[in-house]
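# A structural walkthrough
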Amino acid sequence: MAFPPDACTLIVKYVSDSRSTLVALCTVSKRFQVPAERALYNTLHLQGYELTTTVCRFLARTPRLAVLVVALSIYGQEHDTDTDNDEASSEESSEEEDEDQDEQPPDDYWKALGSALQATTRLRHLNLYLQGRSQNDQAWILESCTFQLRTLHCDLSWDANLQSFLATQSKLSDLYLSDFQSLTIAPSISTSNFVPKLSILECTFSEAAVALVPDRPVCRVKTCFTHSRLEEKRTELQILVAALRQSKKRLRALDIADSSYNADFSLELLGRITSQPALCSDLRYIGTLVLPVDGRQRLELYGHLMRLPQLRCIEVDVSDWDPPPTNGPALRALTHELRLYCSSIASVVYVYEFERHLVKMERHVAVYDEDAVTDNLWREV
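Values in this document were obtained by computation on a predicted structure and should not be read as measured data. Numbers given to residues run from 1 along each chain, matching the order in which its sequence is written. Totals for whole chains, interfaces and linings use all residues, but because this is a predicted model, local features are given only for residues with pLDDT of at least 70 and pairs of side-chain atoms are given and counted only at 80 or more. Only hydrogens and water are set aside when side-chain values are computed; all heavy atoms of the structure are taken into account.

### Some thoughts on the overall build of the protein
The way it works is that DSSP assigns letters per residue, a run of H or I at least four long becomes a helix, a run of E at least two long becomes a strand, and they are numbered from the N terminus. For the protein, the helix and strand inventory stands at 16 helices and 13 strands. The classification of residues rests on relative accessible area computed with a 1.4 Å probe and restricted to protein chains. Under 20% of the type maximum is buried, over 50% is exposed, and intermediate values are partly exposed. Within the protein, the proportion of its 381 residues that are buried is 46%. Summarising the internal contacts of the protein: among those between residues at least 6 apart in sequence, 65% fall at separations of at least 24. Shrake-Rupley sampling with a 1.4 Å probe provides the accessible areas, and residues are treated as covered by the protein chains on show and by no other component. Accessible surface for the protein amounts to roughly 19,400 Å². Of this, 49% is attributable to carbon and sulfur atoms. For the purpose of counting charges, residues Lys and Arg are taken to be positive, whereas Asp and Glu are taken to be negative. His and the chain ends are not included. Charge positions come from single atoms, namely NZ of Lys, CZ of Arg, CG of Asp or CD of Glu. Placing the 38 positive and 54 negative side-chain charges of the protein at their respective mean positions leaves the two points 16 Å apart. Contacts are residue-level and defined by heavy atoms, with any inter-residue pair within 4.5 Å sufficient.

Shown next, in the form of structure tokens:
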């Protein structure tokens, strides 16, 4: 007696974590084949030139299965990290890795990837994790793609091909860019029809936020100051704040990195944000700010934080503190001090010399979470 379709679907869902079991179920019967193939091809993570080329060729010549792919992640070549633990050869292995990053993929690698992308017409999430100069200038692989993405992580260099592709993405809401430049070509990125649904933007170039935030519902931004000189950075901040004010939605998260953190400029930045009701009324996350050692400056920072009624998480740099407040008691004490002035704060990320420490409030108790991953808090709060 054959299993009913609903039972087959439940069984496939139960074993969906085992790809080998899903492959086996595809051969059991037609009733198992349909849900098993849907689960097997829904999300693909491809790493290494040979594997990626083989799978992409298969998808290109099998449209029936290619349309089942909803999420696709492409990684560069796999690296042998055995020598990484050998301290004597660490410098040599580093040089070898740099050479590997520029290693050219097989001649048909990009062609196979481009053909697969054209076949995956129902793709919704695309991650292109690429390394090396030779791998970034390949945005032509997105030509003739008809899918409508919801999220895109793109390590490709910004060029006319990438700009033309993004102009077709009317439903894209979450975008990561490793490169950006303003090209005076059609279609223009300044029009509101260019990625009109964008709500989350991450790019190390603040120019990307200036160009893509206005007239779009962007509410979460992660970027970095391009300039290092104070006067140039002030001008950059002024332009960035003006762009953030033009978003169609109120800002919820703002993460701005800097090449050199300074307490005075952090106070200036926070003052700019809190002086704009459109930016501070719904802000849930802000960083990275310097937590001043000086008591008066710290009180000034707390005064600005009192203007953020919805703030849930803040990231502060404490690299200037001596001794460093990186132990549990010190971090908990600083968290309680912060909450005296901004009681809505539920978690604090402390950065000391690039090491990150998270303290969370649990039932009015500050808990130091040593194993926490904080990279995506700005997306989640």
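### Quick look at the nonpolar core
Note on terminology: a nonpolar core comprises buried Ala, Val, Leu, Ile, Met, Phe, Trp, Tyr and Cys residues joined through side-chain atoms within 4.5 Å. With 99 residues, the main nonpolar core has L117, L126, L166, L305 and I314 as its most contacted residues. Top element by residues in this core is helix α7 (residues 109–119). It accounts for 7 residues. Sequence-distant contacts of L126, defined by excluding residues within four places in its chain, comprise L72, L117, L142, F147, L149, T151, L152 and H153. Ranked by size, the runner-up nonpolar core spans 9 residues in total, among them A253, Y285, C313 and L358.

### Description of helix α11 (residues 230–245)
In this analysis, the expected span of each helix is defined as 1.5 Å times one less than the number of residues it contains. With 16 residues, α11 should cover 22 Å at 1.5 Å per step; its first-to-last C-alpha distance of 22 Å lies within 8% of that length. Among all positions in α11, only K233, E236, L237, L240, V241, A243 and L244 are buried. What you see down the axis of α11 is that its buried residues fit within an arc of 155°, all on one side. Buried residues in α11 make contact with α10 (206–212), β7 (220–224), β8 (253–257), α12 (263–274) and α13 (277–280). Working definition: the arc comes from the directions between the helix axis and the C-beta atoms, pointing outward to the latter.

### Quick word on the environment of F265
Structurally, F265 can be placed in helix α12. Taking C-alpha positions, F265 is 56 Å from R64, a pair spaced 201 residues apart along the chain. Setting aside its immediate chain neighbours within four residues, F265 contacts F225, L230, K233, R234, L237 and D258.

### Re the packing of aromatic side chains
Planes of paired rings set the category: under 30 degrees apart is stacked, over 60 is edge-to-face and the rest tilted, where pairs are Phe, Tyr or Trp rings (Trp by its six-membered ring) whose centres lie within 6.5 Å. In total, this model carries 8 aromatic pairs according to the counting rule given. Here the aromatic rings of Y49 and Y109 are separated by 5.0 Å at their centres, their planes lie at 70°, and the arrangement is edge-to-face. One end of the pair, Y49, is in helix α4 (residues 49–61); the other, Y109, is in helix α7, with 60 residues separating them in the sequence. Judged by relative accessible area, Y49 falls into the buried class, the value being 3%. Between Y75 and Y129, the aromatic rings sit 4.9 Å apart at their centres with planes inclined by 20°, giving stacked as the arrangement.

### Regarding the pattern of salt bridges
Salt bridge, as applied in this entry: a Lys or Arg side-chain nitrogen positioned within 4 Å of an Asp or Glu carboxyl oxygen. This model, assessed by the stated rule, comprises 13 salt bridges. Among the ionic pairs, D282 bridges to R252, the shortest N-O distance being 3.3 Å. Here the residue D282 occupies a position in the loop between α13 and β9 (285–290), and R252 occupies one in the loop between α11 and β8, the gap between them amounting to 30 residues. Connected through salt bridges with shared partners, the residues D174, E202 and R379 form a single ionic network.

### Here we look at the pairing of strand β11 (residues 347–352)
Buried residues dominate β11, accounting for 6 of its 6 residues. Every second residue of β11 is oriented toward a common face, with S347, V349 and V351 on one face and V348, Y350 and Y352 on the other, all of them buried. Direction of pairing for strand β10 (residues 313–317) relative to β11: parallel, over a ladder of 5 bridges. From the neighbouring strand, D317 faces β11, where its bridge partner is V351. Judged from the 6 bridges that link them, β11 and strand β12 (residues 355–362) form a sheet pairing that is antiparallel. Bridge assignment links V349 to a residue of β12, and that residue is L358. Any two strands are treated as partners once DSSP identifies two or more bridges connecting them. Between the end of β11 and the start of β12, which pair antiparallel, lie 2 residues, with E353 showing a positive phi angle near 50°.

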